[in-house]
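Structural characterization, general
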Amino acid sequence: MAKALNASYRRYHPKWHRERVPIFWWVRSASYIKFMCRELTSLFVAYAAGLLLVQVWALGQGAAAHARLLNWLSHPAVVTGHVVLLATLLFHTVTWLNLTPQALVLRLGRWRVPKAVVWVGHYAVWLVLSLVIVWLFVGVA
Amino acid sequence: MARRSREPVLWAMFSGGGMIAALLLPATVTVLWIAVPLGWVEAPSYEGLRSLFLHPIGRLTLFAVATLSFFHWAHRFRYTMYDGLQLYHLSQLIAILTYSIAIALTVVAGFVLVTTG
Amino acid sequence: MNSVAVEVLRYRPETEEEPSFEVFDVPYEDNWMVLDAINHIKDQMDGTLSYRWACRMGVCGSCGMMVNGKPVLTCATYVEDVLPGPVRVEPLRGFPVVRDLVTDIRDFMVKLQRVKPWIIREEEKPLAEGEYLQTPEELQDYKQYSMCINCMLCYAACPIYELDPEFIGPAAIALAQRYNLDSRDQGREERMDVLSQHDGMWGCTFVGDCSVVCPKKVDPAGAIQRYKLDATVDWFRSALMPWRKR
């Protein structure tokens, strides 16, 4: 209904000026650029999940297949690419965890959990899970 | 009043995927694809990795990570496409495309994680 | 006395097709707000300049404009903070421009009404039973969202609203939350129906700029994400337990 209202008014008031939005509207402010970069990290998340599946598949194909994958992973260009991948994933993690306290209002009875506690709690979970992952991969013989 | 949108389930998967990816992917990528190839840590053996990834819990975890990550991408990318490139007239098409790709990738993930022996 | 160049957008639809900028050299005092400079232009330099303002103390929400590309209340922005000139003053982004710095805010008014920003009761208490009681804790639940002065800076900051004018927008959703979280209200389901539509809360992608520019710290972005969580819990409840009464 709001759209119809706007359109009918513009029909009878054709001189109201409406600024056209440029195709690259997001380059005009630092916060929009940061937003766009944050959104594009989803591509890298999908890639990481995909590569994990590739590695599982290679493990199923035999030691030789897996060794070929490890060989590819050791290529300097590939390692560099994966360092970039890590940077984007870290950007995703930090922006995600920093926004969580704003979105998540937790209550224990009548007590509202302060934003700072939610923030610290999530980062603590991230740290613990990361250590578990490192321990799992490094510890397995 | 029109029926309530079905967005909640898509948003739930986007959120779940975002959280799981945020918490689990950085460490995984650092160990498996940076530290190990660069020799910073001793490479886990072939058998060792198999015992981790192909354990039932490992398979389930990987399936959850994969599915949620793909749907996280689909939902986020869909909005990036039509807000970023102002493709509102293609909004239905973009939604169908992104979620179809996510479903296809999920099927592949399921296939890989069930059949790998 | 200091002076600053103020670049103001002019648009006179009866004589021109496109807006243009006009520069005024405005003398200013140390403690002047941008609104004081604009008032000086109208009073002393060009009486035809059109714009809205009222309380000049940040509670009415009338004087919102783009200053150097940022949506601000001109009565709450020191000239000294936007130096050196030229200080660019434009009408609030996202709304059609009627004339000079005046925008048409009807779209927001319509959307505000859609979210039913009033206490909804299934049954009103008879007057004889007295007022609805509310504890200080219950007040805190929604107080933040009640601080909205409808200044629409959040609409100007929201890229989604600019790109898709059908989007219901930050303030409307925050105000819906103000009533949803009010212990005296029973209209949660009605508002959920409105905001679960395609042009409701789901258009928001949590850019977050709305909360950054809000002069009253309402945090509409937070309100919207909370609403999405609520809507999702609702959806799963009705999907997994369809016998539950809404």
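All of these numbers come straight from a predicted model, not from anything done at the bench. Counting from 1, residues in each chain are numbered in the order their sequence is written. The order in which chains are written sets their letters, starting at A; the order in which ligands are written sets their numbers, starting at 1. Per-residue local features are limited, in this predicted model, to residues with pLDDT of at least 70; the limit for side-chain atom pairs, both in listing and counting, is 80 or more; totals at the level of whole chains, interfaces and linings are taken over all residues. For the side-chain quantities, the full set of heavy atoms in the structure was used; hydrogens and water were omitted.

Let's talk about the interface of chain B and chain A
- In this complex, chain B contributes 49 residues to the contact, which on the side of chain A involves 54 residues.
- Once two parts are put together, the accessible area they lose, assessed with a 1.4 Å probe and summed over both, is termed the buried area. For the pair chain B and chain A, the summed buried surface comes to about 4700 Å²; carbon and sulfur atoms form 79% of the total.
- Salt bridges are defined as contacts in which a side-chain nitrogen from Lys or Arg sits within 4 Å of a carboxyl oxygen from Asp or Glu. Applying the counting criterion to the chain B and chain A interface returns 1 salt bridge.
- Polar contacts, as counted here, are pairs of nitrogen or oxygen atoms within 3.5 Å of one another; within protein the pair requires one atom able to donate a hydrogen and one able to accept it, and residues that are adjacent in sequence qualify only if both atoms are side-chain atoms. Seen at the junction of chain B and chain A, the total is 13 residue pairs in polar contact (both at pLDDT 80 or more).
- Of all elements in the fold, only helix H1 (7-35), helix H2 (46-53), helix H3 (56-84) and helix H4 (91-115) of chain B reach the threshold of two or more residues within the side of chain B that touches chain A.
- Numbering of helices and strands runs from the N terminus, with a helix taken as a DSSP run of H or I at least four residues long and a strand as a DSSP run of E at least two residues long. At 18 residues, the largest contribution of residues to the side of chain B that touches chain A is made by H1(B). Here a residue-residue contact requires only that any non-hydrogen atoms of the pair lie within 4.5 Å.

Some points on the interface of chain A and chain C
- Between chain A and chain C, the contact holds 27 residues from the first and 37 residues from the second.
- Together chain A and chain C conceal approximately 2900 Å² of surface at their shared face, both sides included; 55% is due to carbon and sulfur atoms.
- In this structure, the connection of chain A to chain C is made through 3 salt bridges.
- A salt bridge links Arg28(A) to Glu162(C); its shortest N-O distance comes to 2.6 Å.
- The interface formed by chain A and chain C contains 9 residue pairs in polar contact (both at pLDDT 80 or more).
- Elements with a minimum of two residues in the side of chain A that touches chain C: helix H1 (2-12), helix H2 (30-61) and helix H4 (76-103) of chain A.
- Gly counts as polar in this scheme, as do all residues outside two lists: the nonpolar Ala, Val, Leu, Ile, Met, Phe, Trp, Tyr, Cys and Pro, and the charged Asp, Glu, Lys and Arg. The residue inventory of the side of chain A that touches chain C, partitioned by class, reads 13 nonpolar, 4 polar and 10 charged.

A look at unusual backbone geometry
All names here are of chain C.
- Looking along the chain, the bond that leaves Leu83 and enters Pro84 is cis, with omega of -5°.
- One can find Pro84 in the loop between strand S4 (70-73) and strand S5 (87-90).
- If you check the backbone angles, Asp100 has positive phi at about 45° while not being a glycine.
- Positive phi, close to 60°, is recorded for Asp219, a residue that is not glycine.
- Secondary-structure assignment places Asp219 in the loop between helix H8 (209-213) and helix H9 (220-240).

Focus on the confidence of the model for chain C
- The quantity known as pLDDT measures the predictor's confidence residue by residue, on a range of 0 to 100. Residue-level pLDDT values for chain C average 94, and 99% of them are 70 or greater.
- Interface confidence for the predicted complex, expressed as ipTM, amounts to 0.93; the pTM equals 0.91.

Quick notes on a negative patch on the surface
- Grouping into patches uses exposed residues only, defined as over 30% relative accessible area, and leaves out salt-bridged ones; the cut-off is 9 Å for like charges and 5 Å for nonpolar side chains (Val, Leu, Ile, Met, Phe, Trp, Tyr). Residue burial considers only the protein chains on display, and all accessible areas are found by Shrake-Rupley using a 1.4 Å probe. Only four residue types enter the charge count: Lys and Arg as positive, Asp and Glu as negative, with His and the chain ends excluded. Every charge is mapped onto a representative atom, which is NZ of Lys, CZ of Arg, CG of Asp or CD of Glu. Taken together, the side chains of Glu29(C), Asp30(C), Glu80(C) and Asp81(C) make up a negatively charged region of the molecular surface.
- Tracing the sequence through the fold places Glu80(C) in the loop between S4 and S5.

A look at the packing of helix H6 (residues 170-180) of chain C against H9(C)
Residues and elements named next belong to chain C.
- Axis separation between H6 and H9 bottoms out at 8 Å; the angle between their running directions is 65°. Note on packing geometry: the crossing formed by H6 with H9 is left-handed. Across the interface between the two elements, Pro170, Ile173, Ala174, Ala176, Gln177 and Asn180 of H6 pack against Pro220, Ala223, Ile224, Arg226, Tyr227 and Asp230 of H9.
- Looking at the contact of H6 with H9 residue by residue, the classes come out as 8 nonpolar, 2 polar and 2 charged. Every angle, taken between N-to-C directions, lies between 0 and 180 degrees, and every axis is a line fitted to C-alpha atoms, over only the stretch in contact when it is a helix. Crossing handedness follows the turn of the near helix against the far one: under a right angle anticlockwise gives a left-handed crossing, and clockwise gives a right-handed one.

Section: the side chain of Glu7(B)
- Relative to the assigned elements, Glu7(B) resides in helix H1.
- Judged by relative accessible area, Glu7(B) falls into the buried class, the value being 9%. For the exposure calls, accessible area comes from a 1.4 Å probe over protein chains only, and a residue counts as buried if that area is under 20% of its type's maximum, exposed if over 50%, partly exposed in between.

As for the environment of Arg38(A)
- The topology assignment puts Arg38(A) in helix H2.
- Along the backbone, Arg38(A) and Phe91(A) are 53 residues apart, and their C-alpha atoms lie at a distance of 7.1 Å.

A short note on the nonpolar core
- In plain words, nonpolar cores are sets of buried Ala, Val, Leu, Ile, Met, Phe, Trp, Tyr and Cys residues tied together by side-chain atoms within 4.5 Å. Of all hydrophobic cores here, the largest spans 122 residues; its most connected members are Trp33(B), Phe53(B), Tyr155(C) and Met201(C).
- Sorting elements by how many residues they give to this core places H1(B) first, with 13 residues.
- Excluding its chain neighbours within four sequence positions, the residues that come into contact with Trp33(B) are Ala48(A), Leu51(A), Leu52(A), Gln55(A), Leu73(A), His82(A), Leu85(A) and Thr28(B).
- Counting 8 residues, the second-largest nonpolar core is a separate cluster that includes Val21(A), Trp25(A), Trp26(A) and Leu163(C).

What to know about the packing of aromatic side chains
- Note on aromatic pairs: the rings of Phe, Tyr and Trp (six-membered ring only in Trp) are paired at centre separations within 6.5 Å, and the planes decide the class, stacked below 30 degrees, edge-to-face beyond 60, tilted for the rest. For the structure on display, the rule yields 15 aromatic pairs over all chains.
- With 5.5 Å between their ring centres and 70° between their planes, Trp96(A) and Phe14(B) make a pair best called edge-to-face. On the criterion of chain membership, the pair formed by Trp96(A) in helix H4 and Phe14(B) in helix H1 is interchain, its members lying in two chains.
- For Trp96(A), a relative accessible area of 13% translates into the label buried.
- If you follow Arg88(C) out to its NZ or CZ, it ends over the ring of Phe21(C), 3.9 Å from the centre.
- Against the face of Tyr179(C) rests Arg178(C), its NZ or CZ located 4.1 Å from the ring centre. By definition here, charges over rings are those cases where NZ of Lys or CZ of Arg is within 6 Å of the ring centre and within 35 degrees of the ring normal.

Side note on the side chain of Thr67(B)
Residues and elements named next belong to chain B.
- In this structure, Thr67 sits in helix H3.
- Assessed through its relative accessible area of 10%, Thr67 is described here as buried.
- A distance of 2.8 Å separates a polar side-chain atom of Thr67 from the backbone oxygen of Phe63.
- The contacts of Thr67, once residues within four sequence positions are left out, are Met13 and Thr106.

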